[in-house]
Each structure stands twice: as C-alpha cells, then as structure tokens.
Amino acid sequence: MKISNKKLEKAIVELTVAFESDEWKSTQDKALNKLAKSVKIDGFRPGKAPVALIKSRISKASILQEASDMILQDKFVQILTDAQVEPVAQPTLSINKISEDELEVVINVPVKPEVELGEYKGLEVKKGRVAVTKKEIEEQLSNYQSQFAELSVKEDGKVAKGDTAVIDYEGFIDGEAFDGGKGENYPLEIGSGSFIPGFEDQLIGMTTDNEQEIKVTFPEDYGAPNLAGKEATFKVTVHEIKEKHLPEIDDELAKDVNIDGVETLEQLKAHIKSQIKARKENESENKFMDDIYKALIASSKVEDSDALLKQEQDMMLQEIEQNLQRQGLNFEVYEQFTGKSKEDVLEDIKPQAEERVKLNLILEAIIKEEELAVTDEEREAELQKIADMYQRELDDVKKIFEGNMSHVENDILTRKAIDLVKDNLKK
C-alpha cells in the first residue's frame with residue numbers, strides 16, 4: 001500500500017492510496033467468495049458450484065465494488081495512521097483507478113486548520129466605564145408610574161394619546177379579510193406602538209360607537225411574509241375610552257412596587273440605580289470580552305475550514321431549535337413567523353460561526369504555546385461546580401466523567417487561556 005500526501009486549501013489533506021497488486025487480488029477472491037454465497041445455481045448447494053460457473057453469474061463490476069468496500073473498511077484506520085493525519089470531520093472518498101490489476105483511491109481528509117498566532121499579549125482593548133444617569137432613574141420611575149396607573153372611563157370624550165381604547169377591528173387587503181386581522185373588545189393603549197405603525201395615531205380623535213376606516217402599510221420586514229409590505233384597510237369601532245391617572249412619585253409608589261427592603265422613594269431610587277448599574281456592567285463586560293475576541297482574531301491568521309464551519313453552524317442551529325423547544329415552539333412555527341428556512345438561518349449565522357471557529361483554534365494555539373495544564377485542584381473544583389449546578393453528589397459527577405475528562409479539562413484550559421490574554425492587556 002503506497003500513500004502520497006498533498007495539502008489542499010481549507011485544511012484538507014488529499015491522500016492518494018495505491019494498493020499492492022497481490023493484496024488487491026486476494027481481496028477480490030474474498031469478495032467473490034462472499035458474493036458466491038448468495039448465488040443460487042440449480043443442482044448445486046449455495047456456494048458449492050464451480051468457481052468458473054459462479055463467476056459467470058456475478059458481474060466483474062460487482063466483484064470489484066465489493067472488493068473495494070472490503071479493503072477500504074479493513075485498511076481505512078491504518079491509512080490515516082500511516083499518513084499521520086487526524087480527521088476533524090468525516091473524510092470523503094473517491095475511486096481514481098479500479099480494475100482487476102489495480103485499485104487507487106483518493107481520500108480528502110478535513111484536518112485541523114493551521115494557526116499563525118499573532119500578538120495575544122499586549123492587546124489594546126479597554127473596558128468601558130459604567131455610569132447611571134438621573135434621566136435613566138426617572139424613566140424607570142415613570143415606568144412604575146404607568147404600571148400602577150388607574151384607568152377611568154372617559155365619558156363623551158375623544159381618543160387621545162395615552163388613553164386605552166377598547167376596540168373591534170377587522171383588516172382587509174384588496175377587499176379580502178385576512179387571517180389574524182380581526183379582534184373584538186381589544187384594549188389598545190394609544191402610543192404603545194403595539195400595532196402596525198400608523199394605526200394608533202389614526203385612532204386619535206375618534207369617539208365611541210362610530211366606525212372608521214384606517215389605512216396602513218405593513219412593514220417590509222413584518223413577521224408574516226404574506227402581509228409584509230402590503231397595504232391594508234381596517235374597519236375600527238371604539239366601544240370605550242379609558243384615560244390613565246398616574247400616581248404621584250412618592251413613598252406610597254415605592255411601597256406599591258413591593259420590593260424587599262424598599263419602603264421609601266429614596267430607597268426605590270437606590271434600588272433602580274443598582275439594577276441599572278448591574279445591567280450596564282454586564283453589557284460592558286460582554287462587549288469587553290467581545291472586543292478581546294475580535295482583537296485576537298484580527299491579530300492571528302487562521303486557515304479556513306469548511307468542515308469545522310459546517311459543524312459550528314449545525315451546533316448553533318441546534319441551539320436555536322432547543323431554545324424554541326424551551327418556549328414550547330418548533331422550527332416549523334418559527335419558519336411561518338419569520339419566513340426563514342433552516343438554510344436561511346444557517347446563512348445568517350455563518351459570520352458568527354466563522355468567528356467561533358477561529359477563536360477556538362486561536363485559544364487552542366495559545367494553550368499549546370503557553371503549555372497550559374490543568375491541576376488536580378482545578379479539576380476537582382470544576383467537578384464540584386458541576387455537582388452544585390445540578391444538585392448532585394460530587395462522587396456521582398466523578399463517575400459520570402470517569403474516563404472522559406477531556407471536555408471538563410478543555411473548558412478549564414480555555415478559561416485559563418482567556419484569563420492569560422486579559423491579564424496581559426496593554427495598560
């Protein structure tokens with residue numbers, strides 16, 4: 001068996017394998033014997049007829065096909081071992097030459113892409129400062145005001161912004177009613193932006209029990225593709241108008257919000273400030289880490305790999321489907337709402353998948369370059385964290401991962417590589 005290696009683009013190694021003539025002919029004999037067992041010839045028990053007679057009933061192409069399958073199944077692992085290549089995805093195989101005298105195959109093996117590490121120490125990435133403004137606190141207080149507002153019926157009045165109009169409506173496109181375009185006794189807060197743009201504004205000034213036609217255009221990116229960009233006419237009747245009475249922003253409102261430890265307006269303001277600050281700090285940290293990742297990718301050169309990209313896209317699509325399932329939905333419902341097929345989603349997530357693949361390979365290269373390792377204490381702490389998360393005993397978790405600690409250790413090493421980069425940012 002002779003093997004020649006050739007490096008192709010996008011992290012593919014092409015192996016050309018030529019089998020020795022004696023080995024190939026021997027395998028053809030085994031293939032013939034295997035096929036012969038299924039050949040029925042009158043006057044002979046299965047497999048007992050003369051070889052020449054059996055051969056006459058089995059095509060040469062069938063023997064060569066069976067023999068090639070047999071020899072490749074038997075030698076495939078050895079081929080990869082001898083060629084010193086480790087596939088990261090399923091290799092593809094094609095037959096280059098095949099006859100009774102020779103067999104030559106070509107195997108394209110996706111391998112780990114080459115990484116040329118750039119500067120990963122001294123990256124210029126700054127973390128943004130977090131501040132909470134008085135306006136942000138006041139906006140949240142206004143939200144609480146709205147939540148605890150009281151509604152009263154507006155007698156003989158007209159719909160105004162901020163009112164809640166109880167309406168019947170039915171929508172038509174080209175004179176035909178459409179699914180989902182009808183509602184009865186629907187309470188719509190004017191100015192909430194919950195209906196199609198332009199709909200709520202045209203209700204302003206309407207009085208009760210008179211029907212009015214409202215014309216709107218569905219946005220081009222509307223969730224239902226059959227309505228997107230279409231002009232529609234809605235017949236609307238207002239049954240009741242309710243106006244909002246906002247409570248005072250004072251200690252009583254603070255108590256109504258019902259937050260532990262909050263009894264006064266000042267305590268409510270402090271609570272709001274801490275909540276906004278925590279949210280902003282989380283957003284700032286996420287952006288900071290994203291900037292680090294982008295800087296790492298920009299500083300290094302990573303070979304493209306269609307195989308790893310597809311794996312990452314499939315994994316991300318699976319994550320999307322799992323998230324939908326947790327919400328009681330499935331992809332078919334998602335497709336109806338968004339008009340996007342799985343192929344569309346895979347294309348949408350492609351840039352993010354490319355970044356993930358490159359980042360993972362760069363972090364692996366840093367781990368190797370820095371000779372990072374996992375200590376027994378770190379391994380034990382990680383297993384304890386998993387046990388706490390799933391409320392299991394540590395010994396049970398150890399048994400689950402026994403003999404397969406690579407995933408746990410990879411997580412630890414990845415975090416150590418990220419921490420190393422963070423600790424060495426340019427001051």
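Refer to the structure above for everything that follows.
Residues numbered from 1 in each chain as written. Predicted model: local features only at pLDDT ≥ 70, side-chain atom pairs only at ≥ 80, totals over all residues. Heavy atoms only, no water.

Draft legend 1. Spatial organisation of the pairing of strand β1 (residues 2–8). The pairing of β1 with strand β2 (residues 12–18) spans 7 bridges and is antiparallel. For K6, the partnering residue across the bridge sits in β2 and is E14. Counting the residues between successive antiparallel strands, the hairpin from β1 to β2 contains 3 residues, one of them, K10, with a positive phi of roughly 60°. (Pairing = 2+ DSSP bridges. Helix = DSSP H or I, 4+ residues; strand = E, 2+ residues; numbered from the N terminus.)

Draft legend 2. Examining helix α8 (residues 306–326) more closely. Spanning 21 residues, α8 covers 30 Å between terminal C-alpha atoms, matching the ideal 30 Å at 1.5 Å per step. When we look at burial in α8, the residues that qualify are A307, L308, L309, E312, Q313, M316, L317 and L324. Elements that come into contact with the buried residues of α8 comprise β4 (103–110), α9 (331–338), α10 (342–348) and α11 (350–370). Of the residues trailing α8, G328 is marked for its positive phi of about 75°. (Expected span 1.5 Å × (residues − 1). Buried < 20%, exposed > 50% of the residue type's maximum accessible area, 1.4 Å probe, protein only. Contact = heavy atoms within 4.5 Å.)

Draft legend 3. Representation of the pattern of salt bridges in the model. By the definition in use, this model includes 31 salt bridges. Note that K422 and E285 form a salt bridge whose closest N and O atoms lie 3.7 Å from each other. Here E285 lies in helix α7 (residues 265–299) and K422 lies in helix α14 (residues 406–423), a separation of 137 residues in the sequence. Note on K422: relative accessible area 26%, which makes it partly exposed. Residue E285 is classed as partly exposed on the basis of its relative accessible area, which comes to 23%. (Salt bridge = Lys/Arg side-chain N within 4 Å of Asp/Glu carboxyl O.)

Coordinates in, geometry out; function isn't part of it.
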